[in-house]
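# Chain and residue survey
Each chain, letter by letter, is given below.
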Amino acid sequence: MTNSTIHFLLNNKRVTIENIDPNLTILQYLREIQFNTGTKEGCASGDCGACTVVLAELDATDNTKLNYQSINSCITFVGSLHGKQLITVEDLKDGAKLHHAQQTLIDNHGTQCGFCTPGFVMSSFALHKHNKKPTRAEVLEALAGNLCRCTGYRSIIEAALTESVAVESDTFAQHYEQTVSALTELQKLPTPCLIGNGNRYIAPKDIGELAHELINEPKSILLAGGTDLALSVTQNLAIINSLVYVGGVKELAKIEESDSEIIIGSALPYSKFIDTLHHYYPDLGEMIERIGSKQVRNNGTLGGNIGNASPIGDMPPALIALGATMTLHRNGVERTMLVEDFFIDYKKTLLKPSEFIKSIQIPKPLAGQTLKLYKISKRFDDDISAVLAAIFIEQKTQNATGCIDNTITEIRIAFGGMAAIPKRSPSTEAVLKGNVLTQTLIEQAKEALTTDFQPMSDVRASDKYRMTVAQNLIEKCYLELQSKTIETRVVNYA
Amino acid sequence: MRSLINVKKANSNSNESLHSESNNVGLGGVGRSKKHESADKQVSGEAIYIDDRPSSRGELHAAVGQSEHAHATIVSMDLSEVKAAEGVIAVITVDDVPGHTDIGPVFPGDPVLALGKVEYVGQPLFAVAATSYDLARKAVKLAKVEYQVLDAVLTVKEALTKKNYVRPPFTMKRGDSDKAIANAEHQLSGSILVGGQEHMYLEGQVSTAEPTEDGGMNIYSSSQHPSEVQKLVAEVLAIPLNKVLVDMRRMGGGFGGKETQAAPWACIAALLANITKRPVKFKLSRMDDMIMTGKRHPFENNYTVGFDNNGQIKGINIEVNGNCGYSPDLSDAIVDRAMFHSDNAYFLDQASVTGNRCKLNTVSHTAYRGFGGPQGMMTIEMVMDDIARHLGKDPLAIRKINLYGKDDRNVTHYHQDVEHNNLAEIIDTLEETSDYQARRKAVTEFNFNNKVLKKGIALTPVKFGISFTVQHLNQAGALIHIYTDGTIHLNHGGTEMGQGLNTKVAQIVAHEFQVDVDTVAISSTRTDKVPNTSPTAASSGTDLNGKAAEAAAKTIKQRLIDFACEKYAINAKQVKFDNNHIIAGEQRFSFAEFIQLAYMERVSLSSTGFYKTPKIHFDRATATGRPFFYFATGAAVSEVIIDTLTGEYKTLRTDILQDVGHSINPAIDIGQIEGAFVQGMGWLTTEELVWNEQGRLLSNNPATYKIPAINDAPADFRVALVPDAPNREHTIYNSKAVGEPPFMLGISVWSALKDAIASIADYKQSPILDTPATPERVLWAVQAIKAKEVSKDR
């Protein structure tokens, strides 16, 4: 049963939206329908953060708790507002008194032209809701998706570092229980649906409903974070006729662990599984922190990153190297396959009509196993990779007679940005597997790469650079395995 | 003999005084770190930018159809489907322009809509007014245009070969450089490709046009030059200037990208408003903005130099070739400035500097912070590094030995004296405070012990000429009213784009009357308040408008003094302005009380003010003169770490010492230095403009064009202002311009990257590193040095 309305809180006010084109973004809704112009459009592609707003939602495991998530409103469709509280820069002032996130910027002279400022205020606000005494690293992570062209950032960093511990509680803290209560009420509403301008949006609440919806409307577009999908609308002026939002399906938005695996729901945003993955695979955690921005990671999902099948998606090469599997669901029937097998050709996958990605299973590391990841991009943060190398190695440290060995018993090398799909390098693996690594062997391995890949040149990198870097990353991996003290990554000098 | 500046009490970015509450209460006069006049509104989302303004009744939205080819004749243009598209109210081509069709700001060459041919991919062909922003942008895609494609010139090399220029070449000479080079003990030559830069102001181009009852037009435009927008709108509409009004309160960033590049959109909005008789808003999407507006000129420079055993230059030939795009725009002055700054901080002795203005079939490149200066300086900074490696010396030693002197070696190659020269003191002091020598040793040692990662460190100076090199632009006006309640209304011809101009000018006026700075209300820059204004550019906003506002304030102040003398039978010495009060002999009044008194006695409380820069002149025919009122100086030390396997790198630490004279607002000045440096660093590192072989811009959105993000700024970032150094020229409160000069300190990062790469060959080779020095270019430079090392060992 569906209602053709969505319901959310605009700060403390309950709002109902109906008869609106679901292709409308939150930014457009704010500026053109609510006439709240504090939130700015800088790019309409999720790259600059001027449009940052904060969504407060009930925590999945503790329904008395609110999570404050910064997102790019320019690439988030209005449907995603359902059941959440939308907080914008206009909501922070308490009468005439500026919020901590605002006052600290003024005190540190952290504004010049001011256009990026509302976005920074909201990102800082969300950060301090999470941690009243953030470290410099946490500040940099929270604000990496907000571009400023005027200040050079130092003053903004100082502002965000200023502790909010001693500050009186803000209006959101004062209304905390009412907000929890109001959002709890919204959870009880039937499946949200929006119909406007001949276009449709629906947010099924469970797998059964989702599967059924996709059988009925096989041409529907699956929407999770929408951090790439929305650009077809905001940049290419496409109109999506039928959007099926998977983020409301609880089974898809959770993370579980078994003894041997981490199981991540396809609709769980990056920000909710990064810590778990970092625990088991530190390189992976560090790499994910460079995917997009905080705003993007609060929306974007693994299901989206895989399903989008971009040759430069960052998760697939890592998942392939880890030997991860994925489970697909179609009308009550499930099948599981290696992530590696899912990609056929440029933007073509094995996904059938009416089928969706349900979960991704990542094996936990066993003794002697390491994952090394290298993301190469022009700008360190919030940049699409030129090349991503994922190298999974298993080394036995003792042979049958108990001597130190270091034979490579298993190796999987996968790349993004080197072919039309994320791909392993069987020739390179064949050179290394079953052997002890030597410089000579590494040189052979580098040569073997040219057999498996003929990368292209584009705006991000030349073909020659891609191949040279891919080869050098094999070298770098070798150096790191040989020595625990060698310095090999500029990132450690952040 | 080193003379060090005492920086113990210098204003710096770690200074508590920047944050003191006292800055924001009470007298916010000159020298205080008063907060930005819009700060409170910016953080609360209440600051209104043009796209935030309420829509006018019946407002339409504009979009333009764009050329698909870099060079072609338009054979036919079928706009029937565009006209029939949903929401479309009007469609215009160049044939519908009632007045001038060329809107070139200095020289002709910029048709407002294509006139029979197209000269770059993205050039506007026709314009549409529709009922919504999306409908307008969808409609323009429906045009059917037939082209006859012509050969496009897409490289500087081809432009030079064909002598395809937007303006004629120009040379500045002193003495006989060829002879001096030949006679010198050493000779070197080199060349460099210097990339352009996209402004990436966070607020894109936007204009609104509303027809008035007099057949005129009211324009809101995010523009650095409202007077020029006024002029061009009047010209395209064939109406007099006094019927066009342009209002500009604030830009969300400019950087030069809105000096001339805002006008076309205002003109098109005006043309559509004129035809439909309805208000029209023209906002460019980010991608359209990046495709259709000019950027910093890419340059291709080369040099031949002769120097002695100490590395001192005896003679030099420099050629700078500006990639100007398809039309002149401001290219003449920009390439001139590249030529003026081919010396940076160094005495060139016998020199010849030639600048070519190459015409290519791309968007027409335009003003951008530094205005050719940064690109010109790259050559000589390359020369310094190259000489150093050739002689086996520290590049800093070579820079020092070539610095302009105080009593001799103190004339530029265009024959201006370098007066009040503090370059040596700045460099020596920064060398000390940044711990350069110790860190130089530490860097070399790190490199000896590390195979994959290498560090680099470099100190580079800047000497930047302050004034518009086009003399007539060095003028400014202001308008001040004092109302009967004692509140002050301030207006001037400068435009606020974040640089704090309005804040500083308000401080100047408040200081003059000795009242709280909150007594002064800032108002929009409007062509009906101050006429015929220059663009806010050349770092001259505060210099020019500050002086004009001071003049207006002084005029009113004198009237009040004269009035007090007459009324109370006292002399001028007995009239004092002090802390929101006026003391007249034995009497003491609040400022507001006295103003009311003056009003009742019919004293005029409103005045204009005007200023023009003295002393400056330049004879282009002989390439001699004094084009700059003074020079702004500074230096930076940057330390980087690079990955020799991938080319990736990070800037670890930057120290800056900048001379801003007597600072009117230290916090604003420091903010300008930090922002300029990071932008300069971005220009030389991650910001890469890529055009394909058909002349199409591939890096046309922020997903493909990467400006520095928060993690890219140096983690350890130390900025100090030279203390106790009033500008020796009579500038406003003896301050110095700060908008552009620190931008060029970003060159220290590029030099540091080369230093890191050079470590691979034991500092004996000078790496060739074109810019932007992306990880890819750094990796190739690393490989080239390694290859040279290998071939040497054979």
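Quick notes on the rules
Residues numbered from 1 in each chain as written. Chains lettered and ligands numbered in written order. Predicted model: local features only at pLDDT ≥ 70, side-chain atom pairs only at ≥ 80, totals over all residues. Heavy atoms only, no water. Axes fitted to C-alpha atoms, helices over the stretch in contact; angles between N-to-C directions. Helix = DSSP H or I, 4+ residues; strand = E, 2+ residues; numbered from the N terminus. Parallel < 35°, antiparallel > 145°, perpendicular 65-115°, else oblique. Contact = heavy atoms within 4.5 Å. Buried < 20%, exposed > 50% of the residue type's maximum accessible area, 1.4 Å probe, protein only. Polar contact = N/O pair within 3.5 Å; in protein donor to acceptor, adjacent residues only side chain to side chain. Phe/Tyr/Trp six-rings, centres within 6.5 Å; stacked < 30°, edge-to-face > 60°. Lys NZ or Arg CZ within 6 Å of the ring centre and 35° of its normal. Domains from an automatic or database assignment. Buried area = accessible area lost by both parts, 1.4 Å probe. Salt bridge = Lys/Arg side-chain N within 4 Å of Asp/Glu carboxyl O.

## A word on the packing of helix H17 (residues 666-684) of chain B against helix H18 (residues 747-758) of chain B
Helix packing geometry: the angle between the two helix axes and the distance between the axes. Residue and element names in this part refer to chain B. Running from N to C, H17 and H18 point in directions that differ by 45°, and their axes come no closer than 7 Å. Classified by the angle between their axes, H17 and H18 sit oblique to one another. Residues Phe-677, Met-681 and Leu-684 of H17 touch H18, and the partners they reach there are Ile-747, Ser-748, Val-749 and Trp-750.

## Quick word on the side chain of A:His100
All names here are of chain A. Tracing the backbone shows His-100 in helix H2 (residues 100-107). We classify His-100 as buried; its relative accessible area is 12%. Within the local environment of His-100, its side chain forms a polar contact with the backbone oxygen of Thr-162, the two atoms lying 3.0 Å apart. Not counting the four nearest positions on each side in its chain, His-100 is found in contact with His-128, Thr-162, Glu-163, Ser-164 and Val-167.

## A look at the packing of aromatic side chains
In total, this model carries 27 aromatic pairs over all chains according to the counting rule given. Ring centres of B:Trp683 and B:Phe743 lie 5.6 Å apart, and the angle between their planes is 35°; on these two criteria the pair is classed as tilted. Here B:Trp683 is found in helix H17, whereas its partner B:Phe743 is found in the loop between strand E29 (716-721) and H18, with 60 residues between them in sequence. An identical accessibility class is assigned to B:Trp683 and B:Phe743; each is buried. Taken together, the ring pairs connect B:Phe340, B:Tyr414, B:Phe618, B:Phe628 and B:Phe631 into an aromatic cluster. Lying across the ring of A:Tyr68, A:Lys129 places its NZ or CZ 5.5 Å from the centre. Cation over ring: A:Lys423 sits above A:Phe453, and NZ or CZ is 5.2 Å from the ring centre.

## With respect to the domain arrangement of chain B
Residue and element names in this part refer to chain B. Each assigned domain of chain B is listed here: domain 1 (50-151 + 199-292), domain 2 (420-468 + 629-794) and domain 3 (475-612). Measuring from the centre of the C-alpha atoms in domain 1 to the corresponding centre in domain 2 gives 38 Å. On the side of domain 2, 11 residues touch domain 1, which itself brings 10 residues to the contact. Together domain 1 and domain 2 conceal approximately 890 Å² of surface at their shared face, both sides included; 65% is due to carbon and sulfur atoms. The largest per-residue losses of area from domain 1 upon contact with domain 2 belong to Val-121, Met-200 and Met-290, which jointly make up 50% of the total buried on that side. Our enumeration of links across domain 1 and domain 2 arrives at one salt bridge. Where Arg-696 meets Glu-68, a salt bridge forms, and the shortest distance between an N and an O atom there is 3.1 Å. Linking domain 1 with domain 2 are one residue pair in polar contact (both at pLDDT 80 or more).

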